[in-house]
Amino acid sequence: MKSLVVYYSRSNNTETVAREISKAVNCETKKIESVKNLSFMGAAFKALMGAKDKIKSVDFNAENYDNIFIGSPVWAGKSSTPINTFLSEVDFKGKNVFIFLTQGDGKTPYSVYQSIKERVESKGGKVIDSFFMQTNMKNPLTSTQAAESVSGWIDKNRSFFK
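Residues numbered from 1 in each chain as written. Predicted model: local features only at pLDDT ≥ 70, side-chain atom pairs only at ≥ 80, totals over all residues. Heavy atoms only, no water.

Caption draft 1: Focus on the environment of Y8. Within the secondary structure, Y8 sits in the loop between strand 1 (3-7) and helix 1 (13-25). Non-local contacts of Y8, meaning those with residues more than four positions away in its chain, are made with T14, I32, S34, G71, S72, P73, W75, S80, P82 and I83. (Helix = DSSP H or I, 4+ residues; strand = E, 2+ residues; numbered from the N terminus. Contact = heavy atoms within 4.5 Å.)

Have a look at this one:
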C-alpha cells in the first residue's frame, strides 16, 4: 500500500514529526506552503476563526495513495489555516487517513482531531488513527525526540503499511 505524509509546519516541529513518519513507513512527504507568511498573532486569529489560507499548489495527486498522513500544528485550539485549505481541496474518497498534530500544551487536542476527521470523512476518507506531540517553540523537537513517539504510533498501525 502506498503512503504519503502531507504537512504544514511553521516552526519545524510538525516537519520533524512528518520526516520521522516518512522514515518509519518509507514514504514520500509533501510540505504544504502558504503563499505568504502570517505573523504569529495573525495566524492564531485566522485559525481561531476557522479561516483558510492561500497555499502554493500541491504537486501530487491523492488518488495515487492508499494512506495519507495529515500533519498540522495546533493554533489557538484549531487546525492551521494552510491545512484548512488543503482539507477543502482534496478528495479523500477511499483513503485511509492518519492525523498527527503538534502543540505547545500537553492537553490532547480532541476538538482539532474531530474537526479534521469530520472534514476528511465528508470527502470519503476513513480516519484510522491520530496522535499529537507536545512541543516547545523555543526548543524545537529533535528527530530523536520525535522518533520514539512516532515509532510506537506506527507500530500500532503497521498492518496498514504492508
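Caption draft 2: Spatial organisation of the nonpolar core. The biggest cluster of nonpolar side chains holds 26 residues, and the ones touching the most others in it are I70, F86, L87, F92, L101 and V120. Looking at this core, the elements with two or more residues in it are strand 1, strand 3 (67-75), helix 3 (81-89), strand 5 (96-103), helix 4 (110-122) and strand 6 (126-134). Filtering out sequence-adjacent residues up to four positions away, F92 remains in contact with I68, I70, F86, L87, V97, V120, K123, G124 and G125. Ranked by size, the runner-up nonpolar core spans 18 residues in total, among them Y7, V25, C27 and V150. (Core = buried A, V, L, I, M, F, W, Y, C linked by side-chain atoms within 4.5 Å. Buried < 20%, exposed > 50% of the residue type's maximum accessible area, 1.4 Å probe, protein only.)

Caption draft 3: Looking closely at the pairing of strand 1. Among the five residues in strand 1, five count as buried, and that is most of the element. Going residue by residue along strand 1, you find S3, V5 and Y7 tucked away on one face and L4 and V6 tucked away on the opposite face as well. Pairing geometry for strand 1 and strand 3, over five bridges, is parallel. Note on strand 3: the bridge partner recorded for Y7 is G71. The pairing of strand 1 with strand 2 (residues 28-31) spans four bridges and is parallel. What sits directly across from V5, in strand 2, is T29. Assessed by its sense of winding, the connection that carries the chain from strand 1 through helix 1 to strand 2 is right-handed. (Pairing = 2+ DSSP bridges. Right-handed = clockwise from strand over helix to strand, strands pointing away.)

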